[in-house]
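What follows is the residue order along each chain.
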Amino acid sequence: MQRTIVGIDVGTTKVCTVVAQVHESGKVNVLGVGLTASKGLDKGVVVNIEDAVNAITTSVEKAERVSGYRIGTAFVGIAGRHISSLNSRGVAAVGRPDHEITRSDIARAVESAQAVAVPTQRDIIHVIPRAYQVDGNDGIRDPIGMSGFRLEVETHIVTGEVMAIQNLIKSVQKAGVEIDDLVLQPLASGEAVLSPEDKDRGVMLVDIGGGTTDIAIFVNGGVYHTSVIPVGGNQFTNDIVYVLHTPHNTAEYLKLRYGCAIAGDPPEPNDPNDLIDVDTLTMGEKQKVSRHLLNEILQSRAEQIVELIYNEIRRSEFEGMLPAGIVLTGGCAQLPRFDELVRDMLGVPVRVGVPNDLSGLADTLDTPPYATAVGLLRWGSRHGLAMLNTPHSGLQERNGWGNTYERFKGWLREFLP
Ligand SMILES: Nc1ncnc2c1ncn2[C@@H]1O[C@H](COP(=O)(O)OP(=O)(O)OP(=O)(O)O)[C@@H](O)[C@H]1O
Ligand SMILES: [Mg+2]
């Protein structure tokens, strides 16, 4: 079976809308892509609604034009430093007299896991069941049909600030699109670039974009840790501006054209191969910049990001337990030798992950910056709608996105085995 699904990745540097037919197997047949420079976002968060609406509208209209498909609803990625996550366990007594476990037992167990104290200014974005225990026996992925007295569930819960969530929702709605579901960006990217084997063995997904570095750790097929760090490619560019006194667009050009995450040995003095001509801040003047110096600037920022990645591994308590290593994606994963730097510093296998299994008008979607956009489509196809689009579901009640109970019912449908 295949469905037409729309994903909108509202990133810090680009907005990318993809319309595609997604097959159950994960194969994506792209009908249209709408790519535009992002505006009104800072470090993954909407800071100017009008600018964000304009960028989203442009991207959506482009995708509509190419695909000939009128976009009504879409899966939308969310990130930003306001995101936080925790693991929570829930428990339920098995209801049926014959003690066979049913969906309703799972629903009650997940509901109890979700009954954690969420401060009033935060909203739940995901409640993701990961594994079950029946009468104390762990590691069960699908308890339905098993017999037992007591069902426990482990879940991963992701929350975000109400205002940041609402501003994103508002921006998408004002662009004329209703939201099927919000999906945490690293979870979407994981759908695009990780294999089920990676997730079973233990893997860390790191999506380094323009504004944020988004992280998700999967073990035994489930999500254990997610995090959004407000550092990304823009900092590399700003560092170049700051140290080399170049205009911003020159700095971005230098990074993309000559950048490398490992500076290597210093060149001989006045080595002509090391020098690049660049514009200075004073119009018309030229300046020569050392390629080695440029790469030292990039390497020091890259090393800082690797340290932040390492902090997250430690925080997750999975240090030494990720045999599938680290999969880098997002635009910055394209910085030459970044993967090598991560491997050298952390001593784990590292690869650059790109979306695969794409056909149709896929253009350049099979490159790291598009992991989130493609992943949103797979998420949509695998988990379906978290929102219930029924007239009486009270969707508009709280924030135009669905009240928690309705969405909770949706999550169950999403994640039930
Ligand atoms: N070859 C490259 N070398 C170094 N950096 C690169 C390269 N290609 C792209 N980038 C950087 O990647 C960043 C954009 O990545 P991406 O498109 O994944 O970001 P985004 O999704 O818009 O932002 P975010 O996810 O952080 O909100 C920019 O900072 C860009 O300079
Ligand atoms: Mg991104």
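Here the structure is a predicted model, which means the values were calculated and not measured.

Side note on the overall build of the chain
In terms of regular secondary structure, the chain is built from eleven helices and 19 strands. Compactness check: the chain gives a C-alpha radius of gyration of 23 Å against a globular reference of 22 Å for 417 residues, within 12% of the reference. On the principal axes, the C-alpha backbone points of the chain span a range of 85 × 45 × 40 Å. Taken across its 417 residues, the chain has 57% of its residues classed as buried.

Quick word on the site of ligand 1
Taken together, 20 residues are adjacent to ligand 1, and Thr12, Thr13, Gly211, Glu252 and Lys255 come closest. A distance of 3.0 Å separates an oxygen atom of ligand 1 from a polar backbone atom of Gly210. With respect to ligand 1, the backbone of Gly211 contributes an N or O atom lying 2.8 Å from an oxygen atom. Within the complex, the protein chains bury 90% of what would otherwise be the 660 Å² of accessible surface of ligand 1. Only α6 (233–244) and α7 (248–258) provide two or more residues apiece to the shell around ligand 1. The residue inventory of the shell around ligand 1, partitioned by class, reads four nonpolar, 13 polar and three charged.

A closer look at the sheet that holds strand β17 (residues 326–329)
The strand order across the open sheet built from five strands is β14-β13-β12-β17-β18, with neighbouring strands paired in mixed fashion. A strand with exactly one partner marks an edge of an open sheet, and here the two such strands are β14 (222–229) and β18 (350–352). The average angle at which neighbouring strand axes cross in this sheet is 20°, direction not considered. Strand direction decides the pairing type here: strand β12 (residues 203–208) and β17, joined by four bridges, are parallel. Bridge pairing in β17 links Asp207 to Thr329. Helix-sheet contacts for helix α9 (residues 338–346) involve β12, β17 and β18, and the interaxial angle to β17 is about 150°.

Focus on the confidence of the model for the chain
Across the chain, the average pLDDT comes to 91, with 90% of residues at or above 70. pLDDT under 50 marks residues 386–400. Its contacts with residues more than four places away, or in other chains, come to 38 contacts.

Description of the pairing of strand β11 (residues 178–184)
Most of β11 is tucked away: six of the seven residues are buried. Bridge count between strand β6 (residues 73–78) and β11: six bridges; the pairing is parallel. Directly across from Thr73, in β11, lies its bridge partner Glu178.

A word on the pattern of salt bridges
With the rule as written, the count across this model stands at 17 salt bridges. Arg96 is the salt-bridge partner of Asp98, the closest N and O atoms lying 2.8 Å from each other. Given the relative accessible area of 43%, Asp98 is considered partly exposed. With relative accessibility at 36%, the residue Arg96 sits in the partly exposed group. Its salt-bridge partner being Arg108, residue Asp105 comes within 2.4 Å of it at the nearest N-O pair. Of this pair, Asp105 and Arg108 both sit in helix α2 (residues 103–114), separated by three residues, roughly a single helical turn. The class of Asp105 is buried, set by a relative accessible area of 2%.

Conventions used here
Residues numbered from 1 in each chain as written. Chains lettered and ligands numbered in written order. Predicted model: local features only at pLDDT ≥ 70, side-chain atom pairs only at ≥ 80, totals over all residues. Heavy atoms only, no water. Helix = DSSP H or I, 4+ residues; strand = E, 2+ residues; numbered from the N terminus. Rg over C-alpha atoms; globule rule 2.2 N^0.38 Å. Buried < 20%, exposed > 50% of the residue type's maximum accessible area, 1.4 Å probe, protein only. Near = heavy atom within 4 Å. Polar contact = N/O pair within 3.5 Å; in protein donor to acceptor, adjacent residues only side chain to side chain. Areas by Shrake-Rupley, 256 points an atom, 1.4 Å probe, with all protein chains shown as cover. Nonpolar A, V, L, I, M, F, W, Y, C, P; charged D, E, K, R; others polar. Pairing = 2+ DSSP bridges. Axes fitted to C-alpha atoms, helices over the stretch in contact; angles between N-to-C directions. Contact = heavy atoms within 4.5 Å. pLDDT = per-residue confidence, 0-100. Salt bridge = Lys/Arg side-chain N within 4 Å of Asp/Glu carboxyl O.

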